[in-house]
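Results of the structural survey
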Amino acid sequence: MANGNIPYKIYLSEEEIPRAWYNIRADMKTDHRPILHPGTLQPMTAEELEPVFCTELVKQELNDKDRYIEIPKPIRDFYKMYRPSPLVRAYCLERALDTPAKIYYKYEGGNTSGSHKLNSAIAQAYYAKEQGLKGVTTETGAGQWGTALSMACGYFGLDLKVFMVKISAQQKPYRKTVMETFGAKVTPSPSDTTNIGRKMLEEDPNSGGSLGSAISEAVEVAVTSDGYKYVLGSVLNMVLLHQSVIGQESKAAFEKIDDYPDLIIGCAGGGSNLSGLMSAFMADKLAGKTAPYFIAVEPASCPSMTRGKFAYDFCDTGMTTPLAKMYTLGATFRPSSNHAGGLRFHGMAPILSQLYHDGFIDEVRAIEQTEVFKAATLFARHEGTLPAPEAAHAIKVAIDEALKCKQTGEKKTILFGLSGTGYFDLGAYMQYNEGTMTDQIPTDEDLRRGFEAIPKVE
Ligand SMILES: *Cc1c(COP(=O)(O)O)cnc(C)c1O
């Protein structure tokens, strides 16, 4: 297909869905530091991880050797229901911006869960089923992960217990309904069903909860219930691995139109969709073949990479999980209630953190939410897709970069990840439209309190 005659949507065939996930660790110049046992401070072994996680997923988590890991057929068959996802040329947005840049986005919101999270949910549910488990437990913040996992567990006939951040459960009752429709049991967190939840409620009976507190509850239930394991929707190596289908498909689509992105932009909460989008392109960069410029985008209200510390820290508020070396604001940091629920985690995936630390991710930008919704609205009006607030962080930066090209006349090829749909975020759009949305940016003092809780581990 000649460049210059590029369709609005560049589709791949079913046959072109990747047959293997790409394991970036096999190519990283410096591996991320190992996750540590919180008691002994020694690297976690497979035996220590297995009480919590499925056996096969533990292998994937610790695998730093195999560049490609074959996707089992039942997972690939499920992918066929909603993949390959389209790579879209944003012609209408380009015209609106009057930019010489070529803007593309990879849209992961076209499945019922509404985000990329299904790519890993179906894989994790499959391995749990293969292991003969009764079910799994998890947490969900905004509800995207819980929804994706309830679809996946429903498909394989697995029981699912979801701890949903209480404030989200109140703000997004429809999310809860979708999960229940697929058969999940949803408990607002903190709850009185676990020891850690009861303790949190004692300390603060009106707590709206946080991702960290919901993780603590879900892990407690998994390790104390027979036939259950815990699964997590971001941050972990295995999740980033599963999300590599996004970038592999993107690269294959670019090959069809004989183009290659100069700039790759994605929002980063725990880091999975950005890492997935980057995957095949980062492989090229690590091999010295190409040099795409990577930008991660985070909310100014939860600036783990732009203002956080690169340190060993816990992944949950209860401080029960292993320690991961990552960019972190401290496990006790509570971001203000911004509307990009999926971007409110205090830390960042160790793989992504290491890549940023080593300069392979070129830049991180923190954006205020009113700016994000302004970009989301512009995008929706011109491209006809209502974006998730998380994804709109990437849109905002893509627009900024396209406008820079307008000034310089550069015809850059820009790729950004449109990680999800905004249909479950209409409360946020309502606030924005009514002009009642505000920006809450933590002060240095707020951050200092979070940093104080970071354990002193080198
Ligand atoms: C969960 C979520 C994110 C953030 O998670 P990552 O692991 O950083 O990808 C981003 N966008 C959407 C739509 C999400 O649901």
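Please refer to the structure higher up on the page.
The present account deals with the structure reproduced in this document.

Thresholds, definitions, all that
- Residues numbered from 1 in each chain as written.
- Predicted model: local features only at pLDDT ≥ 70, side-chain atom pairs only at ≥ 80, totals over all residues.
- Heavy atoms only, no water.
- Helix = DSSP H or I, 4+ residues; strand = E, 2+ residues; numbered from the N terminus.
- Rg over C-alpha atoms; globule rule 2.2 N^0.38 Å.
- Buried < 20%, exposed > 50% of the residue type's maximum accessible area, 1.4 Å probe, protein only.
- Contact = heavy atoms within 4.5 Å.
- Pairing = 2+ DSSP bridges.
- Near = heavy atom within 4 Å.
- Polar contact = N/O pair within 3.5 Å; in protein donor to acceptor, adjacent residues only side chain to side chain.
- Areas by Shrake-Rupley, 256 points an atom, 1.4 Å probe, with all protein chains shown as cover.
- Nonpolar A, V, L, I, M, F, W, Y, C, P; charged D, E, K, R; others polar.
- Phe/Tyr/Trp six-rings, centres within 6.5 Å; stacked < 30°, edge-to-face > 60°.
- Axes fitted to C-alpha atoms, helices over the stretch in contact; angles between N-to-C directions.
- Core = buried A, V, L, I, M, F, W, Y, C linked by side-chain atoms within 4.5 Å.
- Parallel < 35°, antiparallel > 145°, perpendicular 65-115°, else oblique.
- Left-handed = near helix turned anticlockwise from the far one by under 90°.

A word on the overall build of the protein
- If you tally the helices and strands in the protein, you get 18 helices and 15 strands.
- Whereas a compact globule of 458 residues would reach a radius of gyration of roughly 23 Å, the protein reaches 21 Å, a difference of no more than 12%.
- In terms of principal-axis extent, the alpha carbons of the protein reach across some 60 × 50 × 45 Å.
- Within the protein, the proportion of its 458 residues that are buried is 62%.
- Taking all contacts inside the protein whose residues are at least 6 apart in sequence as the whole, residues at least 24 apart take part in 76%.

Here we look at the sheet that holds strand E4 (residues 87-89)
- On the basis of which strands lie adjacent, the open sheet formed by seven strands has the order E1-E4-E5-E15-E10-E11-E14 and mixed pairing. The sheet terminates laterally at strand E1 (9-10) and strand E14 (363-367), the two strands that pair on one side only.
- Pairing of E4 with strand E5 (residues 102-107), which is carried by three bridges, proceeds in the antiparallel orientation. Bridge pairing links arginine 89 to tyrosine 104 in E5.

Quick notes on the site of the ligand
- Near the ligand lie 18 residues; those nearest to it are Lys117, Ser234, Gly269, Ser272 and Asn273.
- At a separation of 3.1 Å, an oxygen atom of the ligand approaches a polar side-chain atom of histidine 116.
- With respect to the ligand, the side chain of serine 272 contributes an N or O atom lying 2.7 Å from an oxygen atom.
- Isolated, the ligand exposes 380 Å² of accessible area, and the fraction of that covered by the protein chains is 98%.
- Here the shell around the ligand is composed, by residue class, of four nonpolar, twelve polar and two charged.

Points about the packing of aromatic side chains
- Under the criterion given, the structure shown has 19 aromatic pairs.
- Considering the side-chain rings of phenylalanine 78 and tyrosine 82, the 6.0 Å spacing of their centres and the 70° angle between planes classify their relative orientation as edge-to-face. Highlighted residues: phenylalanine 78 and tyrosine 82, both in helix H3 (residues 73-82), separated by four residues, approximately one helical turn. Tyrosine 82 shares its class with phenylalanine 78; the two are buried.

A few points about the sheet that holds strand E7 (residues 159-165)
- Strand order in this open sheet of four strands is E8-E7-E6-E9, and the pairing throughout is parallel. Where the open sheet ends on each side, the last strands, each with one partner, are strand E8 (185-189) and strand E9 (228-230). Ignoring strand direction, the axes of neighbouring strands in this sheet form an average angle of 25°.
- Where strand E6 (residues 135-140) and E9 come together, three bridges link them in parallel fashion. Of the residues in E9, the one forming a bridge with threonine 137 is tyrosine 230.

Details of the nonpolar core
- Residues Trp21, Ile75, Tyr79, Tyr230, Met282 and Leu355 are the most contacted members of the largest nonpolar core, which totals 98 residues.
- A total of eight residues in this core trace back to one element, the largest contributor, which is helix H5 (residues 118-130).
- Leave out the neighbours within four places in its chain, and tyrosine 230 touches Val52, Phe53, Thr137, Thr138, Glu139, Ile215, Ala218, Val219 and Ala222.
- Core analysis: the second largest hydrophobic core is formed by 36 residues, Val372, Ala376, Phe416 and Ala428 among them.

What to know about the pairing of strand E15 (residues 413-418)
- The buried count for E15 comes to six of six residues, which makes it a mostly enclosed element.
- Neither face of E15 is exposed, since Thr413, Leu415 and Gly417 on one face and Ile414, Phe416 and Leu418 on the opposite face are all buried.
- As paired strands, E5 and E15 are joined by six bridges and run parallel to one another. Across the sheet, tyrosine 104 pairs through a bridge with leucine 415, a residue of E15.
- Two elements, strand E10 (residues 263-267) and E15, share three bridges in a ladder whose sense is parallel. Looking across to E15, one finds that isoleucine 264 is bridged to leucine 415.

Observations concerning the packing of helix H6 (residues 144-156) against helix H8 (residues 173-181)
- Relative orientation of the contacting elements H6 and H8 amounts to 15°, with a least axis distance of 8 Å. Our classification of the angle between H6 and H8 gives roughly parallel. Crossing of H6 against H8: the hand is left-handed. Facing Gln144, Gly146, Thr147 and Ser150 of H6, the residues of H8 in contact are Arg175, Val178 and Met179.
- In terms of residue class, the contact of H6 with H8 is made up of two nonpolar, four polar and one charged.

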